Amino acid sequence: QVQLVESGGGLVQAGGSLRLSCVASGSIFRINSMGWYRQAPGKQRDVVATVSSGGSTYYEDSVKGRFTISRDNAKNTVYLQMNSLKPEDTAVYYCNAEVELRSPISWRGNYWGQGTQVTVSS
C-alpha cells in the first residue's frame, strides 16, 4: 500500500505564490515519475507538471515560466512552486506517482493523493 499526502494549498491573491508538497510513504521500492494534476469545478483533471526519476520535467503550456516542479528522492517528496498565480489556476491539485513495489509482491502502480485546494482571488 502506498500513500501520497499533499500540503501547501490555500488562498492567495493574483500574482502571489504557493508551494505545494507531496510526500509518498508505504512499502516503496522505487518511485519513477511524479507529477501534479489539477481539476477545476465542472472540468476534467489535467496534467500540470511532471518530473522523471532522472530529473526531466514537463510543463503544461499555461504554467510554463511560472511553475517549477522538483523532487527530493531521499525524502520521497515532490514539490510544485507556483509563482505569478492567476485566478484560472484555481483548482484542486492532485499529486501522482508511479511507484514500484517489491514486498510482498512485485508491482508497478499509479497512485494519487487526496488533493489540496488552491484558490487564487482577483
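Below or above, wherever it landed, is the structure these notes cover. (Residues numbered from 1 in each chain as written. Predicted model: local features only at pLDDT ≥ 70, side-chain atom pairs only at ≥ 80, totals over all residues. Heavy atoms only, no water.)

**Concerning unusual backbone geometry**
Cut-off, in case you're wondering: Here a strand is any run of E in DSSP of at least two residues, a helix any run of H or I of at least four, and the numbering for each starts at the N terminus. Buried, partly exposed and exposed residues are distinguished by accessible area as a fraction of the type maximum, computed with a 1.4 Å probe on protein chains only: under 20%, between the cut-offs, and over 50%, respectively.
For the bond running from Ser103 to Pro104, omega is 0 degrees, close enough to zero to count as cis. As for its position among the elements, Pro104 is in the loop between β9 (91-101) and β10 (107-112). Look at Asn76: it is not a glycine, yet its phi comes out positive at around 50 degrees. Positive phi values are uncommon outside glycine, yet Ser84 reaches one of about 50 degrees. The exposure class of Ser84 is partly exposed, given its relative accessible area of 40%.

**So, the state of the cysteines**
Covalent bonding between the sulfur atoms of two cysteines is what defines a disulfide. Our working definition: Disulfides are defined in this document as cysteine sulfur pairs within 2.5 Å.
A full pass over the atoms with the stated rule returns one disulfide. Note on cysteine connectivity: Cys22 is disulfide-linked to Cys95, with sulfurs 2.1 Å apart. On the S-S bond that ties Cys22 to Cys95, the torsion sits near -85 degrees, and the link is left-handed. On the criterion of sequence distance, the pair formed by Cys22 in strand β3 (residues 18-26) and Cys95 in strand β9 is long-range, its members being 73 residues apart. As far as burial versus exposure is concerned, Cys22 and Cys95 are alike and both buried.

**Side note on the pattern of salt bridges**
Side chains bearing opposite charge may pair, as long as their charged atoms lie close to each other. Rule in force here: The working definition used for a salt bridge is a side-chain nitrogen of Lys or Arg within 4 Å of a carboxyl oxygen of Asp or Glu.
Under the counting rule described, the total for this entry stands at six salt bridges. One salt bridge in this structure joins Lys64 and Asp61, with 3.1 Å as the shortest N-O distance. Arg102 serves as the salt-bridge partner of Glu100, at 3.3 Å between the closest nitrogen and oxygen. Since its relative accessible area comes to 44%, Arg102 is described here as partly exposed. Connected through salt bridges with shared partners, the residues Arg30, Glu100, Arg102 and Arg108 form a single ionic network.

**Things to note about the pairing of β3**
Regular strands place their side chains on alternate faces of the sheet. Test applied: One bridge is not enough; two strands pair if DSSP finds at least two bridges between them.
Bridge count for strand β1 (residues 2-7) against β3 is six bridges, and the pairing is antiparallel. Residue pairing across strands places Val5 opposite Val23, the latter belonging to β3. Two strands pair when backbone bridges link them, and β3 and strand β8 (residues 77-82) are joined in this way by six bridges, in the antiparallel orientation. The residue of β8 that forms the bridge with Cys22 is Val78.

**Comments concerning the pairing of β10**
Where β9 lies against β10, six bridges are found, and the strand directions are antiparallel. Its bridge partner lying in β10, Ala97 is registered against Tyr111. In sequence, β9 turns back onto β10 through a hairpin of five residues.

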